[in-house]
Every structure is written in C-alpha cells, then in structure tokens.
Amino acid sequence: MMATILDGKALATKCKEAVKAEAQSLARKPGLAVIIVGNNPASRVYVNSKRKDCEECGFLSEEYALPEETTQAELIALIEELNGRDDIDGILCQLPLPQGIDEEAVLLAISPEKDVDGFHPMSMGSLLIGREGFLPCTPYGIMEILDEYHIDPKGKHCVVIGRSNIVGKPMALLLLRRHGTVTICHSRTPNLAEVCRSADILVAAVGKVNLVTTDMVKPGAVVIDVAMNRNEAGKLCGDVDFPAVKEVASAITPVPGGVGPMTRAMLMKNTLLAAQKHQK
C-alpha cells in the first residue's frame, strides 16, 4: 500500500486565494499586527512567512520587532495600543518569548476580538462548549486537510499524541466535535504503541524525531504529522518515520509541506473573519 500524500501546501494556496477574494469585498483591508521579541531564528522565519502570506492575501501587515530586553509592561502596553486600533483586526505575539516575560499574561492582554491565533482563554472556552470563535490555527488547518480529502472523523478512533494547549487539546476537541472517538496520549501514557495501533486517525504533535514508527500504525490509518524537527543531518522532519509509515498508512501528511502551510493559511482565514466582524 502506498499512502495518499495529503498536500497541505497546495491546499493552503487554494485557501489563501479564497481569503483574498473575500477580503476584496470589504471596505478596507484586513489588518494583522505581528509582534516578535528578541532574536529567535525560528521565530524570525515564521514572522517573515506571515508577512508574505499577508501580501498574498492583500492584507495590511505591521511588524513590531522588539529587542530582547523589552519588559513585560512595555510589551503589554504595545498590545493595548493595538487593541484600540480600528485598522488592526488581528494581533499575533510570536512565541516563545524571552525569559522574564509571562506568556500567559501577554496572551490574556490580547483582545479576544483580535485573538486570531485562537489562544485566548475565551477562544479556548468557546471551542470547548461549541460556540463560534477563533480556532487555534494548527488544529483548524488539520480539519481543513481532512475535509479536503474527504476523511470523516465520525465514528473513527482518533488518537492524538501530545496535550499542548496549542495543538493537542484543541485538536482532540475538534475531532470530538466531528463525532470522532478521541484518545489523548502523552509522555506518561503506558503502552503508547498499542494505543496508537488502534487509531483510524493518528495525530502526532510531540516534537521528537521518528517517534511514530510502522509498528505503531494500523494498516490503512490516516497519519497527521504536526511536528517540525531537525534530524541528525539537519534535515526538516516531523514526529513520524515518513518513508516507512507511508507504506502502511492510507494517507499521510509530509514534513515540510503538510500541516505547516495550513497553519499559516488558517491565520489568514481567522484574520479575515475578525475583519468581517469588525466591519459589520
């Protein structure tokens, strides 16, 4: 069996084209403010990518590159200023932040109406109880991939490896919302391989190279690889042993070119949604 490759890159292009078309009907461009503190190289790459996405979608993009020594009070003051701007619909503060800054306090400072990352407790609470709100971009993107390839979680056993607030927990809730039967695994789960082998849909979001091997995958399962790692050769890879697992799975996301581009596309979609709400 050769798995279907779930092409997130192609789907992201399609999604951004749809977002651009919708944005053109608005009275003004959707506006996204991105804040980066310090000199984390990976964060710089992500921020550059988001600026490019905004250009492709016809959005206003503002970047605030703050020095490493920026205080928490200064950062929150900037966020409060952006909260009050009528031309800014979304605010994104790139994580991780330097030591000494409380990430939770910073995320709380962002207005829930501009929380296009979907990390604010109000956004998370809306997800939990099934209300409309901003969805965290990575799980949102994964659901879009499943829909594009007509993979329905209904009645399926869905196993999520990882319990982060950004991916694991919201991923489980979105699968549950779509009538999947969900198991969340983590570092203290006994018999991890056995649990994973029972999955019809397996989502790996840990950050460990080759965590998921062929003996952990049921033949015909759908495998979603969320992680972005570097192997010993410095090559970008995920949590899944892709060359081997693609021979067992029915469908699989590659790294790169799978979940990553869709995470960015959903940020654009959330920003468009924020702009539509603000301009009503």
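Residues numbered from 1 in each chain as written. Predicted model: local features only at pLDDT ≥ 70, side-chain atom pairs only at ≥ 80, totals over all residues. Heavy atoms only, no water.

**With respect to the overall build of the protein**
Then, in step 1: Helices and strands together make up the secondary structure of the protein, namely ten helices and eleven strands.
Then, in step 2: A globule of 280 residues ought to have a C-alpha radius of gyration of about 19 Å, and the protein, at 19 Å, matches this closely.
Then, in step 3: Dimensions along the principal axes, computed over C-alpha positions, put the protein at roughly 50 × 40 × 35 Å.
Then, in step 4: Here the protein, with 280 residues, has 50% of them falling under the buried criterion.
Then, in step 5: A fraction of 71% describes how many contacts in the protein between residues 6 or more apart in sequence connect residues 24 or more apart. (Helix = DSSP H or I, 4+ residues; strand = E, 2+ residues; numbered from the N terminus. Rg over C-alpha atoms; globule rule 2.2 N^0.38 Å. Buried < 20%, exposed > 50% of the residue type's maximum accessible area, 1.4 Å probe, protein only. Contact = heavy atoms within 4.5 Å.)

**Describing the pairing of strand β2 (residues 31-37)**
Then, in step 1: Most of β2 sits out of view: seven of its seven residues are buried.
Then, in step 2: As paired elements, β2 and strand β3 (residues 60-66) share seven bridges and run parallel to each other. Across the sheet, residue Ala 33 finds its bridge partner in β3, namely Glu 62.
Then, in step 3: For the crossover that starts at β2, traverses helix α2 (residues 41-57) and ends in the parallel β3, the hand is right-handed. (Pairing = 2+ DSSP bridges. Right-handed = clockwise from strand over helix to strand, strands pointing away.)

**What to know about the layout of surface pockets**
Then, in step 1: By volume, the largest pocket is sized at about 1300 Å³.
Then, in step 2: Around the largest pocket sit 41 residues that line it, and Tyr 46, Thr 138, Val 226, Met 228 and Thr 263 are the ones nearest its centre.
Then, in step 3: Looking at the lining of the largest pocket, the elements that each hand over two or more residues are α2, β4 (90-93), α6 (137-148), β9 (229-230) and α10 (259-278).
Then, in step 4: When its residues are assigned to classes, the lining of the largest pocket shows 24 nonpolar, twelve polar and five charged. (1 Å grid on protein atoms, 1.4 Å probe; cavity = no way out; pocket = protein on both sides within 12 Å on 5 of 7 lines; lining within 4 Å. Points joined across faces, edges and corners; volume = space filled by probe spheres on them. Nonpolar A, V, L, I, M, F, W, Y, C, P; charged D, E, K, R; others polar.)

**Side note on the packing of aromatic side chains**
Then, in step 1: Under the criterion given, the structure shown has zero aromatic pairs.
Then, in step 2: Above the face of the Phe 134 ring, Lys 277 is positioned so that its terminal group lies 5.1 Å from the ring centre. (Phe/Tyr/Trp six-rings, centres within 6.5 Å; stacked < 30°, edge-to-face > 60°. Lys NZ or Arg CZ within 6 Å of the ring centre and 35° of its normal.)

**Thoughts on the environment of Thr 253**
Then, in step 1: By the element assignment, Thr 253 lies in the loop between β11 (251-252) and α10.
Then, in step 2: The class of Thr 253 is buried, set by a relative accessible area of 0%.
Then, in step 3: For the pair Thr 253 and Ala 105, spaced 148 residues apart in the sequence, the C-alpha separation amounts to 34 Å.
Then, in step 4: For Thr 253, the contacting residues outside a window of four places in its chain are Leu 6, Ile 145, Val 223, Ile 224, Asp 225, Phe 242, Gly 258 and Val 259.
Then, in step 5: Reaching out from Thr 253, the side chain makes a polar contact with the backbone nitrogen of Asp 225 at a distance of 2.8 Å. (Polar contact = N/O pair within 3.5 Å; in protein donor to acceptor, adjacent residues only side chain to side chain.)

**Re the side chain of Thr 70**
Then, in step 1: One can find Thr 70 in the loop between β3 and α3 (72-83).
Then, in step 2: At a separation of 2.7 Å, a polar atom in the side chain of Thr 70 contacts the main-chain carbonyl oxygen of Pro 67.
Then, in step 3: Each residue touching Thr 70, except ones within four places of it in the same chain, is listed here: Val 37, Leu 75 and Ile 101.

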